[in-house]
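Next come the chains, spelled out residue by residue.
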Amino acid sequence: MTVANLTHAESRRQLRRARLGEFGRFARRFARNPLGMIGLAILGVLLACAILAPLLAPHDPYLPDLVRRLSPPGAQNWLGTDELGRDIFSRILHGARLTLLIVGLVVATSAPIGLVVGAVAGTAGGWVDAVFMRITDVFLAVPKLLLALAFVAALGPGIVNAALAITLTAWPPYARLARAEALIVRDSDYVNAVRLAGGSEFRIVFRHIMPMCLSSVIVRMTLDMAGIILTAAGLGFIGLGAQPPLPEWGAMISTGRKFIFDQWWVATMPGLAIFIVSLGFNLLGDAMRDLLDPHLRRRA
Amino acid sequence: MPAVLFQRVLGFTGRIVTLFLTVGITLLGLVALTFCIGRLVPIDPVLSVVGQKASEEVYQRVFLEMGLDKPLWQQFLLYAGKLVQGDFGTSFVTNRPVLSDLAGFFPATLELATLGLLIGTLVGVPAGVAAAYWHGRWPDYLIRFIGLIGYSVPIFWLGLVGLFIFYSRLDWVSGPGQIDVFFQGIVTPVTGALLIDSLIAGEGEVFGNALSHIVLPAALLGYYSLAYISRMTRSMMLDQLSREYVLTARLKGATEYRAVMLHALRNAAIPLVTVIALSYGGLLEGSVLVETVFAWPGIGNYIASSLFRADINAVLGGTVLVGAVFILLNMVSDVVYQMLDPRSNLRRR
């Protein structure tokens, strides 16, 4: 009994050490990729801005100051002010929170949905697989932005509804990925061993197949985040995302649109923020794919 | 897999039949999706037809006429049946059938997206080939960098910046809209695409003005698709260039041009058909944002402005139309791919 417990604890410790080592090797390989590091740095800055926004922002992002409305970038307002005299720099800092909120909401919902659908379909096979994959195909075949637009039109504008709409269009690729991975491992010896030991199908899917799909899903997730940001900004720009006075970047561009020819900074600055952040996610995603993608690694 | 068996047994016809079945099911799924979205809307569909002031009697009659008392699946069949007959409902805003609205706006979108795709392909494919040929050297980095920016930039913002620089400051192009007011209504619409119509009518000035209006949005959409097309071309060309047949060609003394452009590119070109078809679909979708920025009288603008007036029939009609075009494009690219690829069964019969 004690011996068994001991070996159990020992094997766990070894497992943990092995995982730590794997992570350390990954981190070292990642650090050698300059573009990936730039992406990581951009996202670090974004995260810092979002967390520290009230401390970093020199002005109140919501407080109008009509005397200083539409003033150009300068010493007092680094990136200028908008049509109500609100400081654009402060608004962009606070908008970082909204951007992270949307990305977080979409990723936290769409990836698990896709993962479960794909893993279950791939493991179960048969008609379950056929039905799930048909549904996935329908979602994949329909243009994403339009579908999101139609969903928001039906649900009503708002930041949560926008995230929900993007989720509904974002999960199918994860399902495809997870299914492909599940198909590879579902008949492997270790899964059969669990089955022989009496593990339920539920346990097999959630404990033994889904973890195997994780790495490709994570890579895909990082690559998708840039697209999510752009879609969310697009919804905000059309006027269906976050509503004023929220400092959402897409909505800020939308209000700045009227002044583009004379007060160019109102629309340009938030757009630059979107561009830099989505560039950061793209750089990080590319680096992660090069490092983690099992297909690429096998070829190398 | 019964589908595979089906294909083996029936060969060519079987493939075509399965293809049509798949497309049919996908289209049905699309319709089911829009139907569900239509049910989600918190607006009372009857009220939007009869108006707020209608009497109880009228309300009841319309309620029954619209089949809202029937079970959901019957309502769905009714809806799908109407769609098949081309009845997309009536737009609450324009008070015209949605289909005729869509037909009026579609050519402008098609014109813009086609020109965008043309630019994207004519620049993107050579760029991808160059990047693959000079793999790991500066042209490769440059092209990948340009592509990366295309992936990361919000296209509507780039449109605004483009308008600010090229229209407001440099005055190289004309501003938003399809044509100046001065030139409006000179050309009788034949195809609906102004560039072609003005050429047919022989109105050089109108053509020039329309061109100066379309250049910027088309270049934007072109850049948007270029990012994707050049990336895919690069990876396919890299794959082909490492094959032994290219080495053989070079060993036999073929010129670099011959080995790359005639041998490798021809093989990479087959999957590129799918890539280009997909980006065409993407452009139709991306035009929603670009058309909003440039006040382009196309389907994207129509959908976006209908969204604000809660004109759900128009929104869903536009979604169904663009979605169907998207799905059909996929199907066509599938067929073309199989016809071009000598390894596919279609040719062997």
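Residues numbered from 1 in each chain as written. Chains lettered and ligands numbered in written order. Predicted model: local features only at pLDDT ≥ 70, side-chain atom pairs only at ≥ 80, totals over all residues. Heavy atoms only, no water.

1. Details of the pattern of salt bridges
A complete count under the given rule lists 18 salt bridges over all chains for this structure. Between A:R195 and A:E201 there is a salt bridge, with the nearest N and O atoms lying 3.0 Å from each other. Given the relative accessible area of 42%, A:E201 is considered partly exposed. Residue B:D140 is joined to B:R144 by a salt bridge in which the shortest nitrogen-to-oxygen separation is 3.7 Å. Of the two residues, B:D140 and B:R144 both sit in helix α6 (residues 138–152), four residues apart, roughly one turn of that helix. Its relative accessible area of 0% is what places B:D140 among the buried residues. (Salt bridge = Lys/Arg side-chain N within 4 Å of Asp/Glu carboxyl O. Buried < 20%, exposed > 50% of the residue type's maximum accessible area, 1.4 Å probe, protein only. Helix = DSSP H or I, 4+ residues; strand = E, 2+ residues; numbered from the N terminus.)

2. Describing empty space enclosed by the protein
Take a probe with the size of a water molecule and roll it over the atoms, and the empty space left behind shows itself. In this structure the tally under the stated criterion is three cavities of 30 Å³ or more. Reported here for the largest cavity is a volume of approximately 60 Å³. Lining the largest cavity, in full, are A:T99, A:I102, A:V103, A:I228, A:I229, A:A232, A:A233, A:E248 and A:W249. Among the elements that make up the lining of the largest cavity, the one with the highest residue count is helix α9 (residues 201–238) of chain A (four residues). By residue class, the composition of the lining of the largest cavity is seven nonpolar, one polar and one charged. Listing elements by their share of the lining of the second largest cavity, those giving two or more residues are α7 (155–169) and α9 (204–241) of chain B. (1 Å grid on protein atoms, 1.4 Å probe; cavity = no way out; pocket = protein on both sides within 12 Å on 5 of 7 lines; lining within 4 Å. Points joined across faces, edges and corners; volume = space filled by probe spheres on them. Nonpolar A, V, L, I, M, F, W, Y, C, P; charged D, E, K, R; others polar.)

3. Observations concerning a positive patch on the surface
Residues and elements named next belong to chain A. Taken together, the side chains of R12, R16, R203 and R207 make up a positively charged region of the molecular surface. Of all the elements in the fold, those that place two or more residues in the positive patch are α1 (2–31) and α9. On the basis of relative accessibility, which here comes to 56%, the residue R16 falls in the exposed class. (Patch = residues over 30% accessible without salt bridge, like charges linked within 9 Å, V, L, I, M, F, W, Y side chains within 5 Å. Areas by Shrake-Rupley, 256 points an atom, 1.4 Å probe, with all protein chains shown as cover. Lys, Arg positive; Asp, Glu negative; His and termini not counted. Charge placed at Lys NZ, Arg CZ, Asp CG, Glu CD.)

4. Regarding the UniProt feature "domain: ABC transmembrane type-1" (unreviewed entry) in chain A
What UniProt calls "domain: ABC transmembrane type-1" (unreviewed entry) maps, in this numbering, to residues 96–285 of chain A. Counting secondary structure, residues 96–285 of chain A comes out at 83% helix and 0% strand; the distance between its end C-alpha atoms is 19 Å. (UniProt positions renumbered as here; feature names shortened; annotations may be inferred.)

5. Focus on the interface of chain B and chain A
Every contact between the two is made by 42 residues of chain B and, on the other side, 42 residues of chain A. Seen at the junction of chain B and chain A, the total is one salt bridge. We note a salt bridge from A:D286 to B:R231, for which the minimum N-O separation is 3.3 Å. Linking chain B with chain A are seven residue pairs in polar contact (both at pLDDT 80 or more). Listing elements by their share of the side of chain B that touches chain A, those giving two or more residues are α1 (2–40), α6, α7, α11 (256–294), α12 (299–308) and α13 (312–340) of chain B. Looking at side-chain class alone, the side of chain B that touches chain A contains 31 nonpolar, eight polar and three charged residues. (Contact = heavy atoms within 4.5 Å. Polar contact = N/O pair within 3.5 Å; in protein donor to acceptor, adjacent residues only side chain to side chain.)

6. Regarding the UniProt feature "transmembrane region" (unreviewed entry) in chain B
Residues and elements named next belong to chain B. As annotated by UniProt and renumbered to match this structure, "transmembrane region" (unreviewed entry) occupies residues 12–37, 112–135, 141–167, 179–200, 206–229, 268–296 and 316–340. Overall, residues 112–135 shows 92% helix and 0% strand. The separation of its end C-alpha atoms is 33 Å. Between the C-alpha atoms that bound residues 179–200 the distance is 17 Å, and the span itself is 32% helix and 0% strand.

7. What about the domain arrangement of chain B?
Residues and elements named next belong to chain B. Looking at the assigned domains, one finds that chain B contains domain 1 (21–84) and domain 2 (98–348). Once you take the C-alpha centre of each, domain 1 and domain 2 turn out to be 35 Å apart. Counting from both sides, the interface comprises 11 residues of domain 1 and, opposite them, 10 residues of domain 2. Buried surface at the junction of domain 1 and domain 2, summed over both partners, amounts to about 830 Å²; 94% is from carbon and sulfur atoms. Of all residues in domain 1, V23, L30 and T34 give up the largest surface area on contact with domain 2, accounting jointly for 46% of the area buried on that side. (Domains from an automatic or database assignment. Buried area = accessible area lost by both parts, 1.4 Å probe.)

8. Focus: the UniProt feature "domain: ABC transmembrane type-1" (unreviewed entry) in chain B
UniProt records the feature "domain: ABC transmembrane type-1" (unreviewed entry) for residues 106–337 of chain B in the present numbering. Taken end to end, residues 106–337 of chain B is 81% helix and 0% strand, and its first and last C-alpha atoms sit 27 Å apart.

9. Some thoughts on the environment of B:S225
Residue and element names in this part refer to chain B. By secondary structure assignment, the location of S225 is in helix α9. Along the chain, S225 and G124 lie 101 residues apart, while their C-alpha atoms are 7.9 Å from each other. Apart from residues lying up to four places away in sequence, S225 is in contact with G116, G120, S279 and L283.

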